[in-house]
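Observations on chain architecture
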Amino acid sequence: MRHAAPAKRERAGVDLFDVYRHEPVLTVRCGGRRHRLPLAPLMVGTAAPIRLAVDHRPWLPSPTTLDRMAPAMGTLQQDPRRFDGTLVALRGLRRDGGMWRGELRPVSYFHARAAESLLDAAGVRDQHRVQGRLPAIGDGPLATDLGVVVLLSTQDGQLVLQRRGLGLDWRPGMLSVSASGSLEPGPDLRGDRVDRTDLLRGAARELEEEVGISPQDGVKMRFVGVYRELARGGKPEIYVRAEVAMNADEVCDRQRTARDADEAAAVHIVPLPTSDTALASLVAELGHDADPALVASLLLDGVARGLAAHAP
């Protein structure tokens, strides 16, 4: 789903590591360097089964929150470049023995983004942190809609990265992963229960829409985990690693004709690191030009391939 907006960067002047000083964040050691990322692990690992119940009643902010976000809602509704849609909100999550259980509900895209806009402008971030930590999933005024982050590699040992378009409403112009977006109730939620397969299906849909690679192209999808964005008040993102049985040139050809190809200002092809030093060099080379989702995807993939390690 594409939601265009005037270009803007993340709000400056907020030290996320200080605001959430007691939140255990993603920390990875690679090439002799310790990388601390503004992401909080929520659902880590790939072994535990996932069973999320679907409540088909739309999630709505509280009346107080609706009043506070009225100006932001008005701006969204009046912008002809914007359109509302329906996302999937994670409204609860708990570990029940060896299984993850939780609840999903539909949420308006406008409601989700308008509530999110209150974070720093209206002081919501400070009001809803709990002793230097993120609020629990489902608490507070945010929808906590589920995003997806997909890192794609090709048969000839390359990674496909995208330069985000300047018209996107989040981190415009930054170098990012192969595909990203949010789960949507129609194509991604089937029935009253969601499991790991459904989550991967949502990631596969985003990959097809943005890069033009479909499941029929021999794509292997691997669930990496779910991490919460500190910058967005704990928005959960599903991280997925994908491999396709095509070379990089073929993928670039597909991307040019993909449905949402215009979300990317450019496609960048970089070699898949095969050593810890190569991975560390790539992360350092990308520097501040890369968004945190890309850096996290590269490092988490490095952990999976033995090139990096989780650090305390």
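How each quantity is defined
- Residue positions are given per chain, counted from 1 along the sequence in the order it is written.
- In keeping with the model being predicted, local features are shown solely for residues with a pLDDT of at least 70 and side-chain atom pairs are shown and tallied solely at 80 or more, while totals for entire chains, interfaces and linings include all residues.
- Side-chain measures here rest on the full set of heavy atoms in the structure, leaving out hydrogens and waters.
- The definition of a nonpolar core used throughout is a set of buried Ala, Val, Leu, Ile, Met, Phe, Trp, Tyr and Cys residues joined through side-chain atoms within 4.5 Å.
- Throughout this description, buried means an accessible area under 20% of the type-specific maximum (1.4 Å probe, protein chains only), exposed means over 50%, and partly exposed covers the range between.
- Under the scheme used here, helices are H or I runs from DSSP no shorter than 4 residues and strands are E runs no shorter than 2 residues, and both carry numbers assigned from the N terminus.
- The contact criterion used is simple: two residues touch if any of their non-hydrogen atoms lie within 4.5 Å.
- Salt bridges are defined as contacts in which a side-chain nitrogen from Lys or Arg sits within 4 Å of a carboxyl oxygen from Asp or Glu.
- In this description, strands pair whenever DSSP reports at least two bridges between them.
- As a rule, the C-alpha atoms of each element are fitted with a line to give its axis, helices using only the stretch in contact, and angles between N-to-C directions run from 0 to 180 degrees.
- Here the angle decides the label: under 35 degrees means roughly parallel, over 145 means roughly antiparallel, 65 to 115 means roughly perpendicular, and every other value means oblique.
- It is the rotation of the near helix from the far one that decides the hand of a crossing: anticlockwise by less than a right angle makes it left-handed, clockwise makes it right-handed.
- When residues are grouped by polarity, Ala, Val, Leu, Ile, Met, Phe, Trp, Tyr, Cys and Pro land in nonpolar, Asp, Glu, Lys and Arg in charged, and all others, Gly among them, in polar.
- As used here, the arc is the angular range of directions from the helix axis to the C-beta atoms.
- Each Phe, Tyr or Trp ring (for Trp, its six-membered ring) is paired with any other whose centre lies within 6.5 Å, and the angle between the two planes then decides the class: stacked below 30 degrees, edge-to-face above 60, tilted in between.
- By the criterion adopted, a ring carries a charge over it if an Arg CZ or a Lys NZ lies within 6 Å of its centre and within 35 degrees of its normal.

Further remarks concern the nonpolar core. Counting residues in each nonpolar core, the largest one holds 35 residues, and the members touching the most others are Leu104, Leu152, Leu207, Ile213, Phe223, Ile238 and Val251. Counting only elements with at least two residues in this core, the list comes to strand E3 (39-44), strand E4 (50-54), strand E5 (86-96), strand E6 (99-108), strand E7 (147-153), helix H8 (196-211), strand E12 (219-229) and strand E13 (235-244). In this structure, Leu207 is in contact with Val150, Leu152, Ala179, Gly212, Ile213, Val219, Met221 and Ala242, ignoring residues within four places of it in sequence. If you look at the next biggest cluster of nonpolar residues, it comprises 30 residues, including Leu39, Val224, Leu279 and Ala280.

Further remarks concern the pattern of salt bridges. Enumeration over the complete set of coordinates arrives at 24 salt bridges. Ionic pairing is found between Arg232 and Glu116, a salt bridge with its closest N-O pair at 3.1 Å. Highlighted residues: Arg232 in the loop between E12 and E13 and Glu116 in helix H4 (residues 109-116), separated in sequence by 116 residues. Here the two residues Arg232 and Glu116 agree in accessibility, since each one is buried. Linking Arg125 and Asp120 is a salt bridge whose minimum nitrogen-to-oxygen distance equals 2.8 Å.

Before going further, it helps to examine the sheet that holds strand E15 (residues 309-310). The strand order E2-E1-E15 describes an open sheet built from three strands, whose pairing is antiparallel. Taken across any chain shown, the strands that pair with only one partner, and hence form the sheet edges, are strand E2 (33-36) and E15. Inspection of the sheet shows strand E1 (residues 27-30) paired to E15 by two bridges, in the antiparallel sense. Looking at E15, one finds that Val28 is bridged to His310.

Attention now goes to the packing of helix H3 (residues 70-78) against H4. At their nearest, the axes of H3 and H4 sit 9 Å apart, and the two run at 135 degrees to each other. When the axes of H3 and H4 are compared, the pair comes out oblique. Relative to H4, H3 is oriented so that their crossing is right-handed. Seen from H3, the contacting residues are Ala72, Met73, Leu76 and Gln77; seen from H4, they are Phe110, His111 and Ala114. Of the residues contributing to the contact of H3 with H4, the split by class is five nonpolar, two polar and no charged.

Further remarks concern the environment of Pro106. Looking at where Pro106 falls in the secondary structure, it is placed in strand E6. Judged by relative accessible area, Pro106 falls into the buried class, the value being 12%. Ignoring any residue separated from it by four or fewer positions in sequence, one finds Pro106 in contact with Asp55, His56, Arg57, Pro58, Trp59, Thr86, Leu87 and Pro185.

Here we come to H3. Because an α-helix packs 3.6 residues into every turn, residues spaced three or four apart end up facing the same way. For H3, the full list of buried residues reads Met73, Gly74 and Leu76. Looking straight down H3, one finds its buried side chains confined to an arc of 165 degrees; they lie on one side. Facing away from the buried side of H3 by over 90 degrees, the exposed positions are Pro71, Thr75 and Gln78. Taken together, the buried residues of H3 touch H4.

Ordered by their spatial adjacency, four strands build an open sheet running E5-E6-E4-E11, and the pairing between neighbours is mixed. At either margin of the open sheet sits one strand with a lone partner, and together these are E5 and strand E11 (193-194). As judged from the five bridges shared by E4 and E6, these two strands associate in the parallel manner. By the bridge assignment for E6, Leu52 is matched with Gly102. Along the sheet face, H4 touches E5 and E6 and points at about 100 degrees away from the line of E6.

Turning next to the packing of aromatic side chains. Here the structure, examined in full by the defined rule, presents two aromatic pairs. Arranged with centres 6.1 Å apart and planes meeting at 50 degrees, the rings of Tyr109 and Phe110 form a pair that is tilted. Considered together, Tyr109 and Phe110 belong to a single accessibility category, that of buried residues. Considering the side-chain rings of Tyr227 and Tyr239, the 5.6 Å spacing of their centres and the 80 degrees angle between planes classify their relative orientation as edge-to-face. Placement of the pair is Tyr227 in strand E12 and Tyr239 in strand E13, with a sequence separation of 12 residues. Take Tyr227 and Tyr239: they sit in the same class, and that class is buried. When the ring centre of Phe223 is taken as reference, the NZ or CZ atom of Arg196 above it lies at 4.9 Å.

The backbone of Gln131 sits at a positive phi, close to 50 degrees, despite the residue not being glycine. Residues other than glycine seldom take positive phi values, yet Thr144 does so here, at roughly 50 degrees. Its place among the elements puts Thr144 in the loop between helix H6 (124-127) and E7.

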